[in-house]
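In case you want the letters, here they are:
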Amino acid sequence: MNWTLEVVPVPVTDMDRAKEFYGDRCGFKIDLDDEVAPGMRIIQATPPGSRCSIAMISGMPSMPGTKNMAPGSLQGLQLCVTDIEAARRELVDRGVDVTPVRHVGATGWEDGKGDTWNSFMAFEDPDGNGWVVQEAPSELSER
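Caption draft 1: Spatial organisation of the sheet that holds strand β4 (residues 53-58). Taken in spatial order, the four strands of this open sheet run β1-β4-β3-β2, and their pairing is mixed. For this open sheet the edge positions go to β1 (7-9) and β2 (29-37), each flanked by a neighbour on one side alone. Neighbour-to-neighbour, the strand axes of the sheet open up by a mean angle of 25 degrees, direction not taken into account. Where β1 and β4 come together, three bridges link them in parallel fashion. Across the sheet, the residue bridging to V7 is S53, located in β4.

Structure below.
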C-alpha cells in the first residue's frame, strides 16, 4: 500500500490574505475555497506541478488526539524547482520577499548557486510560515 503525502495544513490568521498570497503571489492553483459546514472554511492550494497541496482551515475543531499549530509556526516546507534563478525572479515579480540564492559552502551558507542539489532560497507567508526552495537537477518524474 502506498502512503502518499497529499495535503499539508498551513496555519494562518486571515484566510483571504493567505489565499491572495498563495494564489496570486506564489502562483499556487486555488483548488477549493468552500464553507464545508457552517463557520468552517477550507482553502486548498497546489504549487504548480505538485502532487501535494496545502490547506488553510478556519473554524474546524482539531481532530481528537492532535495538536493545533499557531499561525507562523510551520517552518521548513520545501519546494523543488529546476531553475532557481527563474523561480526567484518569478516570485520577486509577483511581490514575494525572497532571500538571495545561497548554497552551503566550506564556511557555511554562502551567496550564489552551488553544485547539484545545493542551491536554495527562502520566503515567508504573511503569518511567518517559512518555505525553502531548492534547485533540483530535473523534474521529479525524471528522477
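Caption draft 2: Region of interest: a nonpolar patch on the surface. Taken together, the side chains of V36, I57 and M60 define a hydrophobic patch exposed on the protein surface, amounting to about 230 Å² of accessible area. One can find M60 in the loop between β4 and β5 (77-81).

Caption draft 3: Inspection of the pattern of salt bridges at higher detail. Tallied over the full model, the rule gives nine salt bridges. The salt bridge involving K113 is made with E135; its shortest N-O contact spans 3.1 Å. Taken together, the residues K113 in the loop between β7 (108-111) and β8 (120-124) and E135 in strand β9 (residues 130-135) connect sequence positions 22 residues apart. K113 sits in the partly exposed class, given a relative accessible area of 38%. Taking relative accessible area as the criterion, E135 reaches 12% and is therefore assigned buried. Ionic contacts of the salt-bridge type, sharing partners, join the residues D16, K19, D33 and R41 into one network.

Caption draft 4: Highlighting the side chain of S53. Residue placement: S53 occurs in strand β4. Using a relative accessible area of 7% as the deciding quantity, one classes S53 as buried. Here the side chain of S53 touches T46 through a polar contact of 2.5 Å, side chain to side chain. Leave out the neighbours within four places in its chain, and S53 touches E6, V7, V8, D31, Q44, A45 and T46.

Caption draft 5: Seen up close, the side chain of S138. Secondary-structure assignment places S138 in the segment after β9. With sequence-adjacent residues up to four places away left out, S138 is seen in contact with T82 and R143.

Caption draft 6: Region of the structure containing the environment of F120. Inspection of the secondary structure puts F120 in strand β8. Through-space distance from the C-alpha of F120 to that of A37 is 40 Å; in sequence the pair is 83 residues apart. Not counting residues within four places of it along the chain, the set of residues in contact with F120 comprises Q78, I84, P100, V101, R102, W109, V132, V133 and Q134.

The rules we used
- Residues numbered from 1 in each chain as written.
- Predicted model: local features only at pLDDT ≥ 70, side-chain atom pairs only at ≥ 80, totals over all residues.
- Heavy atoms only, no water.
- Pairing = 2+ DSSP bridges.
- Helix = DSSP H or I, 4+ residues; strand = E, 2+ residues; numbered from the N terminus.
- Axes fitted to C-alpha atoms, helices over the stretch in contact; angles between N-to-C directions.
- Patch = residues over 30% accessible without salt bridge, like charges linked within 9 Å, V, L, I, M, F, W, Y side chains within 5 Å.
- Areas by Shrake-Rupley, 256 points an atom, 1.4 Å probe, with all protein chains shown as cover.
- Salt bridge = Lys/Arg side-chain N within 4 Å of Asp/Glu carboxyl O.
- Buried < 20%, exposed > 50% of the residue type's maximum accessible area, 1.4 Å probe, protein only.
- Polar contact = N/O pair within 3.5 Å; in protein donor to acceptor, adjacent residues only side chain to side chain.
- Contact = heavy atoms within 4.5 Å.

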